[in-house]
Amino acid sequence: MTAVSPDSPIPSSSELPPAQRRISRRIAGIAESATLAVDAKAKALKAAGKPVIGFGAGEPDFPTPDYIVEAAIAAARQPAMHRYTPAGGLPALKEAIVAKTARDSGLQVTAAQVLVTNGGKQAVYEALATMLDPGDEVLLPAPYWTTYPEAIRLAGGVPVPVVADEQSGYLVSAAQLDAARTPRTKVLLFCSPSNPTGAVYPLEQVEEIGRWALDAGLWVLTDEIYEHLTYGGVTAPSLPVVVPELADRCVVVNGVAKTYAMTGWRVGWILGPTDVVKAATNLQSHATSNVANVSQAAAVAALTGDLSAVATMREAFDRRRKLIVSMLREIPGVACPEPQGAFYVYPSVKGLLGRSIGGRTASSSVELAELILELAEVAVVPGEAFGTPGYLRMSYALGDDDLVEGVTRMQRLLTSAD
Ligand SMILES: Cc1ncc(COP(=O)(O)O)c(C=O)c1O
């Protein structure tokens, strides 16, 4: 074995002999989820008695509807639910997903094209792990959800960000994607409505991007987890429905978390061609086996019920969306486009950087977010977490009173900037 002498230059971790590398290179390269970190910091400050208001969380502030909870309680009493079940999901849930997909997006799939996962997050990772070989490139429209680049790297792929700013409504064009394509490109990762911007691609642009991907011979991973959270009459068309010829190279990710206020239940799914779904199911059979049966039973109740719970949430989110946008726009130096979906706003704060705020100066959005947390006791997530410095992401999935109090504190602090 090569000894590392105290006098030799310190080798970088990747040059060390295997047994001296405490953490594998693959895992050491992964960054902590910035959004969960902000949320944890805000919760810790709150627990310590600070009146922190958190705009960091990516989850509805509503409880899961009663009829879903009741279905879970009934399932917990059934001995069959105490056992292992098929790794790919309960047959009843797969059928419910098939029916729900036809009802909501119009995509026709069979149960063999469904894999039930531990939330949309596992669905994203397993889909990428199943599609990518080492070095395969993934076109990643930015601002992107913070998990995407890490999941791509974990799966051996290379994220290739394609940036769209507020001028284009945070929507990338097919021309931009084409300019970023190389012979190593395999997948386009598409997310509409978007986390973190709330942008929703209109039908013509979905079609343009879908046709481009088809002509370029690429695969598409499309994340539809916010499908029901759109406002002002806007809808989010499903890419494989708009361009059906792409269905054989398209994998859809979805889940119950955002639509039914079920983030803690951990149920999501993948829809795709049968060979891809079969391979992803093999992966899951070794990684985690079946998703908790009680959660799957809850998901069956959610998906076979109506959409009234999401309609109620949508109304509240829409009201808060308008309120937060108008309040943020009152702060000089903040430019806040109106989002059309999900429950996030993504204002540019470039106009505040380098200015004196409460006797301090922030030169980046990370520093600005820290300053806002310290001086206004308001938690927001800096744009660095989403691949675009100079912005903040704020979730408006919090109570109306907290929303007003939190943004008022920010107004007081930031309007003093000079
Ligand atoms: C765009 C997007 N996709 C997928 C997920 C995963 O959701 P979950 O794993 O809670 O089902 C999230 C959660 O924040 C998200 O924002």
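If you're wondering where the values come from, they're calculated on a predicted model, not measured in any experiment.

Chemist: Could you give an account of the nonpolar core, naming the residues involved and the relevant values?
Modeler: Phe55, Ile324, Leu328 and Ile372 are the most contacted members of the largest nonpolar core, which has 43 residues in total. Counting residues per element, the ones that place at least two in this core are helix H12 (308-329), strand S9 (344-345), helix H13 (365-376), strand S14 (392-395) and helix H14 (400-414). Counting residues per element, this core draws most heavily on H12, which supplies 7 residues. Counting the residues that make up this core, at least three belong to each of domain 1 (23-63 + 309-414) and domain 2 (79-304). Excluding residues within four positions of it along the chain, Ile372 makes contact with Glu377, Val378, Val380, Leu392, Met410, Leu413 and Leu414.

Chemist: Could you give an account of the sheet that holds S9, with specific residues and numbers?
Modeler: With antiparallel pairing, the 3 strands of this open sheet are ordered in space as S9-S14-S13. Looking at strand neighbours, the two that pair on one side only are S9 and strand S13 (381-382), the edges of this open sheet.

Chemist: Requested: an account of the domain arrangement of the chain, with residues and values cited.
Modeler: Segmenting the chain into domains produces domain 1 (23-63 + 309-414) and domain 2 (79-304). A C-alpha centroid distance of 25 Å is found between domain 1 and domain 2. Between domain 1 and domain 2, the residue contacts involve 38 residues of the former and 31 residues of the latter. Between domain 1 and domain 2, a total of about 2,800 Å² is buried, with carbon and sulfur atoms accounting for 60% of that surface. On the domain 1 side of the interface with domain 2, the three residues burying the most area are Gln340, Ala342 and Phe386, jointly 19% of the side's total. Joining domain 1 to domain 2, the criterion identifies 0 salt bridges. Every element with two or more residues in the side of domain 1 that touches domain 2 is listed here: helix H1 (25-28), helix H2 (34-47), H12 and S9.

Chemist: Describe the packing of helix H5 (residues 119-131) against helix H6 (residues 147-154), with residues and values.
Modeler: Closest axis-to-axis distance for the H5/H6 pair is 8 Å, and the angle between their directions is 40 degrees. Read as a crossing pair, H5 and H6 show a hand that is right-handed. Taking contact as the criterion, the partners of Lys121, Val124, Tyr125 and Leu128 in H5 are, on H6, Thr147, Tyr148, Ala151, Ile152 and Leu154. When grouped by side-chain class, the residues that make up the contact of H5 with H6 number 7 nonpolar, 1 polar and 1 charged.

Chemist: Requested: an account of the sheet that holds strand S4 (residues 158-163), with residues and values cited.
Modeler: Ordered by their spatial adjacency, 7 strands build an open sheet running S2-S8-S7-S6-S5-S3-S4, and the pairing between neighbours is mixed. Only two strands of the sheet have a single partner each, and these edge strands are strand S2 (114-117) and S4. Across the sheet, the mean angle separating the axes of adjacent strands is 20 degrees when strand polarity is ignored. Across 4 bridges, the pairing between S2 and strand S8 (residues 268-271) is antiparallel. Considered in S8, the bridge of Leu115 is made with Ile270.

What counts as what
- Residues numbered from 1 in each chain as written.
- Predicted model: local features only at pLDDT ≥ 70, side-chain atom pairs only at ≥ 80, totals over all residues.
- Heavy atoms only, no water.
- Core = buried A, V, L, I, M, F, W, Y, C linked by side-chain atoms within 4.5 Å.
- Buried < 20%, exposed > 50% of the residue type's maximum accessible area, 1.4 Å probe, protein only.
- Helix = DSSP H or I, 4+ residues; strand = E, 2+ residues; numbered from the N terminus.
- Domains from an automatic or database assignment.
- Contact = heavy atoms within 4.5 Å.
- Pairing = 2+ DSSP bridges.
- Buried area = accessible area lost by both parts, 1.4 Å probe.
- Salt bridge = Lys/Arg side-chain N within 4 Å of Asp/Glu carboxyl O.
- Axes fitted to C-alpha atoms, helices over the stretch in contact; angles between N-to-C directions.
- Left-handed = near helix turned anticlockwise from the far one by under 90°.
- Nonpolar A, V, L, I, M, F, W, Y, C, P; charged D, E, K, R; others polar.

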